[in-house]
Amino acid sequence: MIVEPPEQVLTTFGLTAHPPIAMDGTGWRVGEVVLTLVPDHARAAWSATARENLYVEGMRIARPIRATDGRYVVSGWRADTYVAGSPEPRYDEVVALADRLHAATAKLERPRFMLQPPAPPFNDVDVFVAADRAAWEDVPLRTARAAGMPEPTSEDGERSLAELKILGSLRRPVDLPSQVVHGDLFGTVLFAGAAAPAITDIVPYWRPGSWAAAVVVVDALAWGGAGEDLVERWSNHPEWPQMLLRAVMFRLAVHGMHPRSTAGALPGLLRVVDLVRMMV
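All values derive from a computational prediction rather than experimental measurement.

**Notes on the overall build of the chain**
Tallying secondary structure elements over the chain gives 10 helices and nine strands in all. Relative to a compact globule of 280 residues, whose C-alpha radius of gyration would be 19 Å, the chain shows 19 Å and is just as compact. By its C-alpha atoms, the chain is 55 × 45 × 35 Å across when sized along the principal axes. Per-residue burial over the chain gives 50% buried out of 280 residues. Here the analysis covers contacts within the chain between residues at least 6 apart in sequence; of these, 74% occur between residues at least 24 apart. Taken together, the 27 basic and 33 acidic charged side chains of the chain have centroids lying 4 Å from each other.

**A look at unusual backbone geometry**
Following Pro 120, the chain continues to Pro 121 via a peptide bond in cis, the omega torsion being -5°. When you line up the elements, Pro 121 lands in the loop between α3 (91–105) and α4 (124–134). Backbone geometry places Ser 75, a non-glycine residue, at a positive phi of 50°. Inspection of the secondary structure puts Ser 75 in the loop between β5 (73–74) and β6 (77–81). The phi dihedral of Leu 141 falls on the positive side, at around 80°, and the residue is not glycine. Mapped onto the fold, Leu 141 is located in the loop between α4 and α5 (142–146).

**Points about the packing of helix α6 (residues 155–168) against helix α9 (residues 240–257)**
For the pair α6 and α9, the least separation of the axes is 8 Å and the interaxial angle reads 155°. The angle between α6 and α9 falls in the class roughly antiparallel. Like other packed secondary-structure pairs, α6 and α9 cross with a definite hand, here left-handed. Taking contact as the criterion, the partners of Asp 156, Gly 157, Ser 160, Leu 161, Glu 163, Leu 164, Leu 167 and Gly 168 in α6 are, on α9, Leu 245, Val 248, Met 249, Leu 252, Ala 253, His 255 and Gly 256. Here the residues of the contact of α6 with α9 are counted per class, giving eight nonpolar, five polar and two charged.

**Side note on α3**
Look at α3: 20 Å from first C-alpha to last across 15 residues, which is about the 21 Å you get at 1.5 Å a residue. Buried within α3 are the following residues: Tyr 91, Val 94, Val 95, Leu 97, Ala 98, Leu 101, His 102, Ala 104 and Thr 105.

**Looking at the sheet that holds strand β1 (residues 21–22)**
An order of β1-β2-β3-β6-β5 is seen for the five strands of this open sheet, with the pairing classed as antiparallel. In the strand order of this sheet, the two ends are held by β1 and β5, each with one partner.

**Quick notes on the side chain of Arg 43**
Its location among the elements puts Arg 43 in helix α2 (residues 41–52). Here Arg 43 is in contact with Phe 113, Val 125 and Val 129, once residues within four sequence places are set aside.

**Side note on the side chain of Glu 163**
Position of Glu 163 among the secondary structure elements: in helix α6. Residue Glu 163 is classed as buried on the basis of its relative accessible area, which comes to 10%. Here Arg 277 takes part through its side chain, which lies 3.0 Å from a polar atom of the side chain of Glu 163. In this structure, Glu 163 is in contact with Leu 252, Leu 270, Val 273 and Arg 277, ignoring residues within four places of it in sequence.

**Considerations on the environment of Gly 225**
Note that Gly 225 resides in the loop between α7 (209–223) and α8 (229–233). A residue is classified by how much of its surface remains accessible, and Gly 225, at 68% relative accessible area, is exposed.

**Side note on the nonpolar core**
Of all hydrophobic cores here, the largest spans 68 residues; its most connected members are Leu 185, Ile 199 and Trp 211. Among the elements that take part in this core, α9 stands out by supplying 12 residues, more than any other. Leave out the neighbours within four places in its chain, and Ile 199 touches Met 59, Arg 60, Ile 61, Ala 62, Leu 97, Leu 101, Leu 185 and Val 189. In terms of nonpolar packing, the next biggest core, distinct from the first, is built from 12 residues, Val 30, Val 33, Val 74 and Ala 79 among them.

**Some words on α9**
Along its 18 residues, α9 runs 26 Å from first to last C-alpha, staying within 8% of the 26 Å computed at 1.5 Å per residue. Of all 18 residues making up α9, 17 are buried, and the element is well covered by its neighbours.

**Concerning the pattern of salt bridges**
Opposite charge on two side chains permits pairing when their charged atoms draw close. With the rule as written, the count across this model stands at 20 salt bridges. Between Arg 251 and Asp 184 there is a salt bridge, with its nearest N and O atoms 3.6 Å apart. Of this pair, Arg 251 sits in helix α9 while Asp 184 sits in the loop between β7 (179–182) and β8 (198–199), placing them 67 residues apart in sequence. Assessed through its relative accessible area of 8%, Arg 251 is described here as buried. The class for Asp 184 is partly exposed, based on a relative accessible area of 28%. Salt bridges linked by common partners bring Arg 51, Arg 78, Asp 80 and Asp 201 together as one network.

The rules behind these values
- Residues numbered from 1 in each chain as written.
- Predicted model: local features only at pLDDT ≥ 70, side-chain atom pairs only at ≥ 80, totals over all residues.
- Heavy atoms only, no water.
- Helix = DSSP H or I, 4+ residues; strand = E, 2+ residues; numbered from the N terminus.
- Rg over C-alpha atoms; globule rule 2.2 N^0.38 Å.
- Buried < 20%, exposed > 50% of the residue type's maximum accessible area, 1.4 Å probe, protein only.
- Contact = heavy atoms within 4.5 Å.
- Lys, Arg positive; Asp, Glu negative; His and termini not counted.
- Charge placed at Lys NZ, Arg CZ, Asp CG, Glu CD.
- Axes fitted to C-alpha atoms, helices over the stretch in contact; angles between N-to-C directions.
- Parallel < 35°, antiparallel > 145°, perpendicular 65-115°, else oblique.
- Left-handed = near helix turned anticlockwise from the far one by under 90°.
- Nonpolar A, V, L, I, M, F, W, Y, C, P; charged D, E, K, R; others polar.
- Expected span 1.5 Å × (residues − 1).
- Pairing = 2+ DSSP bridges.
- Polar contact = N/O pair within 3.5 Å; in protein donor to acceptor, adjacent residues only side chain to side chain.
- Core = buried A, V, L, I, M, F, W, Y, C linked by side-chain atoms within 4.5 Å.
- Salt bridge = Lys/Arg side-chain N within 4 Å of Asp/Glu carboxyl O.

By themselves, these figures tell us nothing about what the structure is for.
Written out as structure tokens, the structure is:
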């Protein structure tokens, strides 16, 4: 269901001069501003703060718009400057952008909310938090089970978690520093011709920068039609096989636990599983 921004939200952000126009389910454009309903207030406010003064060479960044009372989030809505563009399968450029972005976000402190475990009633954020931890903790899915998150009942969900456990046995220790990274760049970087690529948000994880690049590659291989040579072109990243391993474990955990996962997404992931298993 598409939720239109309430009049009170428009007024508080000072957006009464133009009518809201729906943007393919991603938000509402009001003049040169985009209003988005956010799933988590703390993360939305953090992203706004991080993007407000962040500069990355060769990248456009949607800047937050403060409400008239100084808030970043009003009744679950955030406002950002509109940036033109749409996702395109330019995956090498997305990985290169990830590297530039994470060189800049390395200076950011770890947000306190990233230390919190999943908690009922579980929402999308909790699923992704549990999936992220499943790829790194000694026993995959320990955090999810400790929080009481439900196990999948579908055949493909059960297969996802079975593959996750098998891959967990192939991990070995890595010695890489963690930092704030954007863990959801696939399909969210906007391109507009020859203009610099753009981001409209930062979805934060506390992981090595090469892991975030690996997530882009895994997603591109699984669902973007990318060729396997994409893996080799970025193999200079630190601990690359192990980062790919943890990236595909993360996606398998999301697929297994997320209530809106579809069976059609699994074959692409299994293709990446086979590729990564040969590398490690």
